[in-house]
Amino acid sequence: MTPAVFLFILCLGVGSRVLALDPSLDAEWEEWKILYEKSYSLEEEALRRTVWEKNMKMIKLHNGENGLGKNGYTMKMNAFGDMTDEEFKKMVVDFPMKIYQTGESFWKHSLSHLPKLVDWREEGYVTPVQHQGNCGSSWAFATTGAIEGQMYKKTGKLIPLSVQNLVDCSQSYGNHGCDWGNTYFAFFYVWLNNGLEAEATYPYEGKEGPCRYNRQKASAKIERFVSLPEHEDFLMNAVANEGPIPVAIDALHESFKFYSKGIYHEPNCSRFNLSHAVLVVGYGFDGNETDGNNYWLVKNSWGQSWGMDGYMKIAKDRNNHCGIASFVKYPQV
């Protein structure tokens, strides 16, 4: 047994039960491996299959309950299916748990007369969904997404900005590359650095590297960044009036990992233990406006095969669900 496989067994924590596989899932397992281009050594395959089976059965149970109306969203198997909880947490926890309240607070809009539906994708403010890979860089994707929207608002040109620039170059401002970071430190870097390169000139690599920022190639800069009070009304106002807004949420749940569609509501979600950054690109409601099925429309950085082509709906106006309004900073250009 190789050291890597031994460590995997320790993480799995199932001992001799590892090889108790369900033959009825053979076809789905093989299809999943082909779809996500998975290959293992003979020794590791049964271990990964055990994790995958546990997740598949949990997903089917959830969706069966959803068919009876118990849940408001469905789940689906995806590329995370063979990952242990420890492996998933290592990838996801890329946003410091502590909520930083520093930064300038600023508000200029009325909290009334807002549109009932907003989707900035339809207005051209949002670049395509990308995949952060094994690098804990959601904070950088959320940062670039917000600046991209503000630059489009100012210039009418939607230019994908460099996540790698932030991963490589903002560490002296408080971020930790592929380990973790947050939007406050990232905006502080762009502001003091007086620029950020485009994806075209500084492409994403999914790993840390030396800082290669070239000021002459900068495609965007910000004049300031704003901190909002911890309340969904302020977030709604910002999304309606400013454009896509980066936020942090608690994403450490199997329900989030395998989200498929519908309005996500996780009873165990925390308003304080923020672990992952996403971009709010709109809001709305399903069904009738009076049904209470309000949602935030969120862009993730786990590729287009996750969720609704890389997006999800998170419950809105339900006591700051998953902490979506707990850490809100956005740029002005």
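Quick note: structure is the one above.
Calculation rules
- Residues numbered from 1 in each chain as written.
- Predicted model: local features only at pLDDT ≥ 70, side-chain atom pairs only at ≥ 80, totals over all residues.
- Heavy atoms only, no water.
- Helix = DSSP H or I, 4+ residues; strand = E, 2+ residues; numbered from the N terminus.
- Buried < 20%, exposed > 50% of the residue type's maximum accessible area, 1.4 Å probe, protein only.
- Contact = heavy atoms within 4.5 Å.
- Disulfide = S-S within 2.5 Å.
- Expected span 1.5 Å × (residues − 1).
- Core = buried A, V, L, I, M, F, W, Y, C linked by side-chain atoms within 4.5 Å.
- Salt bridge = Lys/Arg side-chain N within 4 Å of Asp/Glu carboxyl O.

Let's talk about the overall build of the protein
Part 1 of the argument: When helices and strands are counted, the protein shows nine helices and eleven strands.
Part 2 of the argument: The burial tally for the protein puts 53% of its 333 residues in the buried class.
Part 3 of the argument: Sequence separation of 24 or more characterises 77% of the internal contacts of the protein that already satisfy a separation of 6 or more.

Observations concerning the environment of Ile263
Part 1 of the argument: Residue placement: Ile263 occurs in strand β7 (residues 259-264).
Part 2 of the argument: The exposure class of Ile263 is buried, given its relative accessible area of 13%.
Part 3 of the argument: Among residues more than four places away in sequence, those in contact with Ile263 are Gly72, Tyr73, Asp286, Asn293, Asn294, Tyr295, Lys313, Ile314 and Ala315.

Here we look at the state of the cysteines
Part 1 of the argument: Tallied over the full model, the rule gives three disulfides.
Part 2 of the argument: Two residues, Cys135 and Cys178, share a disulfide whose sulfurs are 2.0 Å apart. Residues Cys135 and Cys178 are joined through a disulfide that is left-handed, its torsion about the S-S bond being -95 degrees. One end of the pair, Cys135, is in the loop between β2 (118-119) and α5 (138-155); the other, Cys178, is in the loop between α6 (163-169) and α7 (183-193), with 43 residues separating them in the sequence. As far as the burial class goes, Cys135 and Cys178 line up, both buried.
Part 3 of the argument: In this model Cys169 forms its disulfide with Cys211; the gap between the sulfur atoms is 2.1 Å. Because the sign of the S-S torsion sets the handedness, a value of about 100 degrees for the bond joining Cys169 and Cys211 places this disulfide among the right-handed ones. One end of the pair, Cys169, is in helix α6; the other, Cys211, is in the loop between β3 (196-197) and β4 (218-220), with 42 residues separating them in the sequence.
Part 4 of the argument: Given a relative accessible area of 45%, Cys211 falls into the partly exposed group.

Here's the deal with helix α3 (residues 42-67)
Part 1 of the argument: End to end, α3 covers 37 Å across 26 residues, agreeing with the expected 38 Å (1.5 Å per residue, within 8%).
Part 2 of the argument: Just downstream of α3, Gly69 is the residue with a positive phi angle, here 90 degrees.

Structural notes on the nonpolar core
Part 1 of the argument: The biggest cluster of nonpolar side chains holds 90 residues, and the ones touching the most others in it are Ile147, Leu235, Val239, Trp296 and Ile324.
Part 2 of the argument: Per element, the largest residue contribution to this core is seven residues, and it comes from α5.

Examining the pattern of salt bridges
Between side chains of opposite charge, pairing is possible as soon as their charged atoms come close.
Part 1 of the argument: Counted under the stated rule, the structure contains 18 salt bridges.
Part 2 of the argument: As a salt-bridge pair, Asp22 and Lys57 come within 3.5 Å of each other at their nearest N and O atoms. With Asp22 in the loop between α1 (3-12) and α2 (26-35) and Lys57 in helix α3, this residue pair connects regions lying 35 residues apart in the sequence.
Part 3 of the argument: Accessibility expressed as a relative area gives 45% for Lys57, which makes it partly exposed.
Part 4 of the argument: Between Lys316 and Asp317 there is a salt bridge, and its shortest N-O distance comes to 3.0 Å.
Part 5 of the argument: You can call Asp317 partly exposed: its relative accessible area is 40%.
Part 6 of the argument: Via salt bridges that share partners, Asp26, Arg49 and Glu53 belong to a single interconnected network.

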